[in-house]
Amino acid sequence: MTAVVGEDLVRAAYRRGQRKIVADPRDIVTPQALDAIDRLGMRLLRAPTTPSPPLGSSPGRALSRTLYRRHPGFVPSARPRNVRATKLQRVAILGSGGIGSVLASTLASSASAAEVVLIDLIPGLAEAVAVDIEQAASMTATGTLVSGTADIGELAAADVVVLAPEAGGLPGRTAALVGEVQMAAEAIATHAPDAVVIFSGWPSEVFTGELLRSGNLAPERVLGTGATLASSRLIEALAAHSSAPREEIEALALGADGAYVPILSASRVRGRLVRDALRPAEVGAAVAAAAAAPSYVQSLRPSRPPSFAPAYAALEVINAVRGARPGPIPVSVMSEGSYGIEGAVVGVTAHLTVQGLRNIVELPLEKGELGALRDAANGVLRQSQELAELST
């Protein structure tokens, strides 16, 4: 049966946190709806409403699902049109360990910034990483200038400053990380007070708040990558338990480190709510796998924390800041009343600009999701108080 997809439907989906509109090829999509999809940075996916085969783990069913995903109706969604991305002039990265090195390399290869400056107090470390990246410049051919230094004054004139602690969150590192964050905050306040600041370590929300407080920085300019990474891990877990391609999954995990809340009311697999697309046991297994992802990675290499996923989460936030990633994204920011949460950094969905946070997008959460989100925020406040006592 042919349906009409209008602008009201698109905007309602956008308010629910959807990034895609799935329509049957026979459906009529009005010009106003197409314009709204374009302006909101959403994607239109044309796919027939053929029911998917029953989910299961038998080889026959797995093959059936694979063939289903290859159905001609599942056309790869086009990239958003009219995306006006800003090329940042200067990105400074504090820390040249795993996260800092990977982030510098991805920024250089993606031409997201004209200049990337690595800063590390260990003599020669930042310089070595920068030279290594520069020696690949003829292959990346982006023209991004990468340099390394131990001079904290090189923060000056940075559009974005990323704090990339090497061992944030490792056992026994809390006191040292507090000191590092406080030193970084003072340096940023002195040399780059107008920069957008991104904390890419963990616990994300607690230390994003500490960075904000220690430097007396503008709340809208201080962002954390915790919810960005947690949402990516949830998507990965849902892909593993549903056999659906990642690009056909939308999922959000909001809240705070150690208490991220899977927002199943706004998460979808192939355009269907997760609860409708997967069996309860599969949903539970995916949620558990996403929650255990950080400790699992750490268990494989206890001496080194994860680097690649946190670095790409920082890149995702940077791309949202510069307009290359349209629409709201999961990100950890200071909440001043959203969801009834006051004065705590918490993972939410938000629009970002080159000035930092533009606005938080409040989703119509279910009662249990809202309660868990508020509990996570209260946990951040308690941990922040403990850090304050530790640093006095």
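Remember, predicted model here, so these are calculated numbers, not experimental data. (Residues numbered from 1 in each chain as written. Predicted model: local features only at pLDDT ≥ 70, side-chain atom pairs only at ≥ 80, totals over all residues. Heavy atoms only, no water.)

K.L.:
Residue-level account of the pairing of strand β5 (residues 88-94), with values.
P.N.:
Among the 7 residues that make up β5, 6 are buried, leaving the element largely enclosed by the rest of the structure. Here β5 runs beside strand β6 (residues 113-119); their pairing, made up of 6 bridges, is parallel. Bridge assignment links isoleucine 93 to a residue of β6, and that residue is leucine 118. Taken together, β5, helix α4 (residues 98-110) and β6 constitute a β-α-β crossover, and its handedness is right-handed. The pairing of β5 with strand β8 (residues 160-163) spans 4 bridges and is classified as parallel. Residue pairing across strands places leucine 94 opposite leucine 163, the latter belonging to β8. (Buried < 20%, exposed > 50% of the residue type's maximum accessible area, 1.4 Å probe, protein only. Helix = DSSP H or I, 4+ residues; strand = E, 2+ residues; numbered from the N terminus. Pairing = 2+ DSSP bridges. Right-handed = clockwise from strand over helix to strand, strands pointing away.)

K.L.:
Which residues make up the sheet that holds strand β11 (residues 249-250), and what values go with them?
P.N.:
Taken in spatial order, the 3 strands of this open sheet run β11-β14-β15, and their pairing is antiparallel. With one partner strand each, in any of the chains shown, β11 and β15 (272-273) form the two edges of the open sheet. Across 2 bridges, the pairing between strand β14 (residues 268-269) and β15 is antiparallel. Opposite arginine 268, over in β15, you have leucine 273 as the bridge partner.

K.L.:
Give me the packing of helix α9 (residues 226-242) against helix α11 (residues 280-300): which residues, what numbers.
P.N.:
Two elements in contact, α9 and α11, have axes separated by 8 Å at closest approach and are oriented at 140°. As judged from the angle between their axes, α9 and α11 are oblique. Crossing handedness for the pair α9 and α11: right-handed. Residues Arg233, Leu234, Ala237, Leu238 and His241 of α9 lie in contact with α11, whose contacting residues are Glu282, Ala285, Ala286, Val287, Ala289, Ala290, Ala293 and Pro294. For the contact of α9 with α11, a count of residues per class yields 10 nonpolar, 1 polar and 2 charged. (Axes fitted to C-alpha atoms, helices over the stretch in contact; angles between N-to-C directions. Parallel < 35°, antiparallel > 145°, perpendicular 65-115°, else oblique. Left-handed = near helix turned anticlockwise from the far one by under 90°. Contact = heavy atoms within 4.5 Å. Nonpolar A, V, L, I, M, F, W, Y, C, P; charged D, E, K, R; others polar.)

K.L.:
Just give me the short version of the side chain of glutamate 250, but keep the residues and values in it.
P.N.:
Structurally, glutamate 250 can be placed in strand β11. Buried charge without a partner: glutamate 250 forms no salt bridge, and the closest opposite charge is lysine 20, 4.7 Å away. A polar contact is formed between the side chain of glutamate 250 and the backbone nitrogen of lysine 20, at a distance of 3.2 Å. (Lys, Arg positive; Asp, Glu negative; His and termini not counted. Salt bridge = Lys/Arg side-chain N within 4 Å of Asp/Glu carboxyl O. Polar contact = N/O pair within 3.5 Å; in protein donor to acceptor, adjacent residues only side chain to side chain.)

K.L.:
Please give an account of the pairing of strand β16 (residues 329-336) that cites residues and values.
P.N.:
Within β16, 7 of the 8 residues are buried, leaving the element largely enclosed by the surrounding structure. Judged from the 8 bridges that link them, β16 and strand β17 (residues 342-353) form a sheet pairing that is antiparallel. Bridge assignment links isoleucine 329 to a residue of β17, and that residue is alanine 350. The hairpin turn running from β16 into β17, its antiparallel successor, is 5 residues long, and glycine 337 in that turn takes a positive phi close to 120°.

K.L.:
Break down the nonpolar core for me, with residues and values.
P.N.:
Formed by 53 residues in total, the largest nonpolar core has its most connected members in Ile93, Leu103, Val160, Leu223 and Leu352. Setting aside residues no more than four positions away along its own chain, isoleucine 93 makes contact with Gly100, Leu103, Ala104, Leu107, Val116, Val117, Leu118, Ile119, Val162 and Ala164. (Core = buried A, V, L, I, M, F, W, Y, C linked by side-chain atoms within 4.5 Å.)

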